[in-house]
Amino acid sequence: MSWGARLENANPLIFQRTGERPLTASEEDENVADPIDDREIFDLIRSINDPEHPLSLEELNVVEQVRVKVNDEESTVSVEFTPTIPHCSMATLIGLSIKVKLLRSLPARFKIDVHISPGTHASEDAVNKQLADKERVAAALENSQLLEVVNQCLSTRPA
Amino acid sequence: MAADSTRLVDLVEEFVTGQTDSKATDAANGVNSGQFTILQLVEALGLSLTSSESQTRGRGVQLLSQVLEECYSSLSEKEVEVLVAFYENRLKDHYAITPHVLRGLKALAKCTMLPKGSAVSILKSLFQDVQVQSLMLAERSCVYNILISLMESREEELKGLGPDFVFGFVQAVDGERDPRNLLLAFQIAGNIIHRGYSLSQFTEELFEVTSCYFPIDFTPPPNDPHGITQEELILALRAVLTGTPRFAEFLLPLIIEKLDSDMQNAKVDSLQTLAACAPVYGHKELSEFLPSLWSSIRREVFQTASERVELAALAALSALTSCLSRAVLDSNSQDALQGFLDLVLKDCQHHLCEPDLKLVWPSAKLLQAAAGASYRSSLIVSAAVLPNLLEQYNSRTQCAQRRTLLEVVQGFIQPTARSWPVEGVESVLLPFRKSLCSVLFSALAESNAGLQITATKVLTALGQQPGVLTEPDVETAVDHLTRLVLEEDDAQVSLAVAECAGALSRLHPPPFASRLVPKLKDKIFSEPTVRGNDGAALLPGLGKSACKQRCMKALASVSARPSLAQESAPVLLQVLTSAHKGSPVFSAEEVICACSSLQTMAAQAGDDEEIGHFFHDVIIPRLLSLALQAALQGEVSGDRSPLTEQTVLSALVPVISTACAALQTELATQMAANAVRLFLDGDASFLQENDYRSQIQLLKSQSESWTQSQLVCLLMACVCSLPHSVDVPEIDRLLGQLEELSCTSTHPFSYTSAAKCFAGLINKRAPGQNLDGVLEKTLRRIQGTLDDQSSAQRVQAFTLLGWMAKALLLRYHPLSTVLTDKLFSLLSDRRLASQAADTFLLLMSDSPDVLNRSCHADVRIMYRQRFFAENSSKLVQGFNAAEPENKSVYLKALSHIVNNLPRQVQLAELPSLLPLLLEALSCADQAVQLSTLCCLQPVLLDPPPALSAQLEALFSRLLALTASPSMEVRIATLRCVHALSRLPEHTVLPFRARVLRVLALPLDDRKRLVRKEAVAARGEWFLIGSPGGR
């Protein structure tokens, strides 16, 4: 990997992955509308790859379902994520990956808010501010190196 | 003679001054046919060879060399000696002549008559007078080929040269860049090493001159005519580098250095080269480098981002360990293996105590790789790791942690091919048997599904190793398994338990017979499944039914041994008997489950003769007599036994046919005779309880009662799956009655089964007049009925037609085209069109109960391709000619056919089919759309080049379908769009913006399943043409 040969956190805690969402009869029923719910949003972001480890954000407990809130009628989504260590230099990158994933996967009507779980990172405010700033997010994605890393985080791992 | 010599002079003249290249062939023919000798040719060349013009000399040598290439095998020793001396001398000549000289020497080196000493002198002059790397590609290749030829034929002489030979080679090859020549050079270097040439002081030089290519990074140019791959070069070089332990001191530091590289391929190549060294090296070569090698390997596994690197690292570790295991222990030095494994254990073992953290898995994999390398290493590693792991297990309380620990243990349980104890040596697990078993049994008693599943897997692995589990252990294990079958309703656990029980019961049948079977039997016959009047009572009833079904499946899975089959099959038969008698009551589902369990049993038995006998003597007659009793009783009294139900009979069919297919010829013949007597003549004497009234007329269609006629499906099961060697008696009468029944019965199950039985019999019947007579008679009848639009029996005739067509198509019978053409013509029939389209599905797919390979049917290979090749044009014509409202039927038939073709054929045919498939996508019929999409999707995963011309049409149709009212169509469409993202980037990039725009809409679809596909597809499309994407 291009940045730093040494990992900041070489032996992180691993959490279990949740299984696939069980299929319900109503989901297969043509006539029932399924609202977008927390689990669906969580399913979108849980398989994002960590920039450092060959592990998903869910396995590192960076994202959890309880920290995902969605309101389908008001078209708002709020995701809190927790860096594995308080000085994690990847926090912005992880936040950006989550944001981009949601931008690509949700209907345009949604307002997307991604921020760090309160009190879990040293420079929480700065990172939150960056992630909330539309201009800066757009500018970051113009940077091809940054976009490359984000795309790698979002690409599905070859099975 | 004189004429010959003037002709020769003319030839030479024309070649040298006239520049006519073809004359070389004439000269060669002359020498080969004995018109003149090679020395005469030299004489005739005299002037040109001594000319002061280097160009003329060059032409002269060129002619001689070309002739030599044609006729080197017929030269005498004397001639060769003269020529060699001449050529050696010419090497000193002008550089423009050298290429021709080398070609001549190459030919001479291949001579069997090469005089003693010539090989050495050729080499000496070569090494002395030629700067190999200043030559052109082809000449360098000449030099290498000379070396290779001489090494083949004059090995002894070359070895006499001593290290000079190696030195000469090193100088010659130093700086070679062309992959074709490198392959030759690696071959020579390999020969030097493997055939024992003396390297002495030039070992390092030889290593340097080859290792400078390591690791090889070579991408062949597009359309490379030479077809050299990176893989070839890597393997050739690896054979050189790992060929001798004398390279060890140079190679191992190089490997360690290259492992630090950022290139994944370099890492993998280094690790694989290391693994290839291990069989050649000993402890002496490795010892100095072991700590650095280990730390590199550990780093690769601990921090890897790629599975390839990880696998290669583990294989290298395993190879190193097995190399050290071979080291002979001497009394005063330390055990090399122990020392190395201490290193590994020190770095890895403590991670096993942290089952929550990431490094537990890499550590476990490293230790398992080391343990799997040899018996001795598995002994050392198990002794250090297992007690620790088992203790950890007992001290942890969280299920997730325990599960991880148990999964780690599982990796240590299964010995590999290399660590399997030799005969007479006990398993390494023996000292831990007690603690292992107690951990396993406690895990089986937990309520966590994951833990239970892992425990059953460990138990299976443990049970496979002879002498590990004691009899009481197996008994306890069986009790646990029994309890899990009875109590655990998780589907995955049930599956794991069944697998474990199946594996253990093959090795330890008695405890299963004495403990598991009786308990399951008690459960099955406990209280009947009561159907409650209110919902509350119904639920536990359902749970109980599920449990009974689990018990039956478990009985089937433990019955691979005859002794167990004889215990468990009667239980299942008793279920059927009770169901028939009505006490205790069994639901239809339970009865079907009993049947499918019996079938599992028959399938597991395979060719086991004892079980085959058992099925023939006991089970099949019992099943037939039960079905018969039920049928007769149903006719008389109003209440019907479950055994008259179509679903139950359909479940009985596979039991009988699987068992009959496995019968030996003698038993099979008897079976056929019995079945035919029963169905034709009503002779039930071979059934145990044969007190039936006389009017058994199973093959007569009775207008109001079908309980007897539907039993024809059992006849099909008995006679259609027998081996080819068995002749069915009275086959003409039988076929006649089957035809009658299938054409006249009004009960769909009866007439379809009769048609299937008819088809199964004619598929196997020997070709000839008898067969053709029957076929023609039946065909006339079918034709007649179908032509009569008002006939009430058109559907019956049509069904028989479909099955007959299938039977004949499978065996390539000439009549099959008549039948399939009839089916094609029915596509425009007013009432039967849609059914006719579905018949093509029947023709192309495997039917589960008859006319398949497991029934020994006559199925020619590639019949589908053949059918498709012969008939696709008819479909296309029919489609073009059809009325607009009728077109969808043709598309339906087409998609049935194409869907069942093997993928290679689909790909090959796609160019011609694509227009029609695109047409089908815009057809309004949703079923056609769906089936076409399902057919397209796998093809798109590996798209053929023909597709790129049609992309625009394909995209516009697919993108339109994303708004289809049917959710299934939307899902299938999105999958196709997803698959299209894998096409070469330059072909799909123009569509990216459009696809992303259109796919934004299904992101807000009302159905979650559609949104899921849209998200997946859109995510991939975003990555196209974007940095870090594909």
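Everything here concerns the structure above.
Being a predicted model, the structure only gives us computed values, none of them experimental. (Residues numbered from 1 in each chain as written. Chains lettered and ligands numbered in written order. Predicted model: local features only at pLDDT ≥ 70, side-chain atom pairs only at ≥ 80, totals over all residues. Heavy atoms only, no water.)

On to the overall build of chain B. The secondary structure content of chain B amounts to 49 helices and zero strands. Relative to the globule expectation of 31 Å for 1030 residues, the C-alpha radius of gyration of chain B, 39 Å, shows a markedly less compact shape. Dimensions of chain B, computed from C-alpha atoms along their principal axes, come out at roughly 120 × 80 × 65 Å. Within chain B, the proportion of its 1030 residues that are buried is 56%. (Helix = DSSP H or I, 4+ residues; strand = E, 2+ residues; numbered from the N terminus. Rg over C-alpha atoms; globule rule 2.2 N^0.38 Å. Buried < 20%, exposed > 50% of the residue type's maximum accessible area, 1.4 Å probe, protein only.)

The subject of this paragraph is helix α25 (residues 471-487) of chain B. With 17 residues, α25 of chain B extends 24 Å between its outermost C-alpha atoms, agreeing within 8% with the 24 Å of an ideal straight helix rising 1.5 Å per residue. Buried residues of α25 of chain B: Asp473, Val474, Ala477, Val478, His480, Leu481, Thr482, Leu484 and Val485 of chain B, and no others. (Expected span 1.5 Å × (residues − 1).)

What follows is about the packing of aromatic side chains. Residue and element names in this part refer to chain B. Under the definition given, this model contains 13 aromatic pairs over all chains. Between Phe955 and Trp1021, the aromatic rings sit 5.7 Å apart at their centres with planes inclined by 80°, giving edge-to-face as the arrangement. You can see Phe955 sitting in helix α45 (residues 951-961) and its partner Trp1021 sitting in helix α49 (residues 1008-1023), a full 66 residues away along the chain. Like Phe955, the residue Trp1021 is buried in the burial classification. In textbook terms, an aromatic cluster arises when at least three aromatic residues are bridged by ring pairs, as seen for Phe127, Phe165 and Tyr197. Directly above the aromatic system of Tyr393 lies the positively charged group of Arg402, at a separation of 4.5 Å from the ring centroid. (Phe/Tyr/Trp six-rings, centres within 6.5 Å; stacked < 30°, edge-to-face > 60°. Lys NZ or Arg CZ within 6 Å of the ring centre and 35° of its normal.)

Within a sheet, each strand pairs with its neighbour through backbone hydrogen bonds, oriented either parallel or antiparallel. Residues and elements named next belong to chain A. The strand order across the open sheet built from three strands is β1-β2-β3, with neighbouring strands paired in mixed fashion. For this open sheet the edge positions go to β1 (68-71) and β3 (111-116), each flanked by a neighbour on one side alone. For this sheet the average axis-to-axis angle between neighbouring strands, irrespective of direction, equals 10°. Pairing analysis gives six bridges linking strand β2 (residues 76-81) to β3, with the strands arranged parallel. What sits directly across from Val79, in β3, is Val114. (Pairing = 2+ DSSP bridges. Axes fitted to C-alpha atoms, helices over the stretch in contact; angles between N-to-C directions.)

This part takes up the pattern of salt bridges. All chains considered together, the criterion is met by 61 salt bridges over all chains. Between Glu152 of chain B and Arg195 of chain B there is a salt bridge, with its nearest N and O atoms 3.2 Å apart. Of this pair, Glu152 of chain B sits in helix α8 (residues 137-153) while Arg195 of chain B sits in the loop between α11 (179-194) and α12 (203-211), and the two are 43 residues apart along the sequence. Under the relative-accessibility criterion, Glu152 of chain B is labelled partly exposed at 48%. Sharing partners across several salt bridges, the network here consists of Glu20, Arg39, Asp43, Arg46 and Glu58 of chain A together with Lys1012 of chain B. (Salt bridge = Lys/Arg side-chain N within 4 Å of Asp/Glu carboxyl O.)

A word on the environment of Phe167 of chain B. Tracing the sequence through the fold places Phe167 of chain B in helix α10 (residues 163-173). Sequence spacing of Phe167 of chain B and Leu406 of chain B is 239 residues, and the spatial spacing of their C-alpha atoms is 58 Å.

Residues and elements named next belong to chain B. Across the interface, helix α5 (residues 77-90) lies against helix α6 (residues 98-109) with an axial gap of 10 Å and an inter-helix angle of 150°. Accordingly, the angle class assigned to the pair α5 and α6 is roughly antiparallel. Between α5 and α6 lies a crossing of left-handed hand. Facing Val80, Leu83, Val84, Tyr87 and Arg90 of α5, the residues of α6 in contact are His100, Val101, Gly104, Leu105 and Leu108. Of the residues in the contact of α5 with α6, the class split is seven nonpolar, two polar and one charged. (Parallel < 35°, antiparallel > 145°, perpendicular 65-115°, else oblique. Left-handed = near helix turned anticlockwise from the far one by under 90°. Contact = heavy atoms within 4.5 Å. Nonpolar A, V, L, I, M, F, W, Y, C, P; charged D, E, K, R; others polar.)

Chain B puts 31 residues into the contact, and the matching count from chain A is 43 residues. The largest contributions to the chain B side of the interface with chain A come from Lys358, Arg1006 and Arg1008 of chain B, which together make up 24% of the buried area. Taken together, the connections running from chain B to chain A amount to seven salt bridges. Put simply, Glu40 of chain A and Arg1008 of chain B hold a salt bridge, and the shortest N to O gap is 2.9 Å. Joining chain B to chain A, the criterion identifies 23 residue pairs in polar contact (both at pLDDT 80 or more). Among the secondary structure elements, those contributing two or more residues to the side of chain B that touches chain A are α46 (967-980) and α49 of chain B. Its residues assigned to classes, the side of chain B that touches chain A shows eleven nonpolar, seven polar and 13 charged. (Buried area = accessible area lost by both parts, 1.4 Å probe. Polar contact = N/O pair within 3.5 Å; in protein donor to acceptor, adjacent residues only side chain to side chain.)

With that out of the way, let us pick up the environment of Arg640 of chain B. All names here are of chain B. Of note, Arg640 is situated in the loop between α31 (609-636) and α32 (646-661). Distance in space between the C-alpha atoms of Arg640 and Ala857 is 35 Å, their sequence separation being 217 residues. Once you skip the residues sitting within four places of it in the chain, Arg640 turns out to touch Gly634, Trp706 and Thr707.

All right, on to the side chain of Ser382 of chain B then. Residues and elements named next belong to chain B. Following the sequence through the fold, Ser382 ends up in helix α21 (residues 375-395). Note on Ser382: relative accessible area 2%, which makes it buried. Among the polar contacts made by the side chain of Ser382, one reaches the main-chain carbonyl oxygen of Ser378 at a distance of 2.5 Å. Ignoring anything within four residues of it in the chain, the contact list for Ser382 reads Pro387, Val428 and Phe432.

Below, the discussion takes up unusual backbone geometry. Residue and element names in this part refer to chain B. At the junction of Phe214 and Pro215, the peptide bond is cis and its omega measures out at -10° in the coordinates. Structurally, Pro215 can be placed in the loop between α12 and α13 (230-241). With a phi angle near 60°, Leu851 is a residue other than glycine that sits in the positive phi range. Looking at the secondary structure, you find Leu851 in the loop between α40 (833-844) and α41 (863-881). A positive phi angle is found at Met862, which is not glycine, with a value near 60°.

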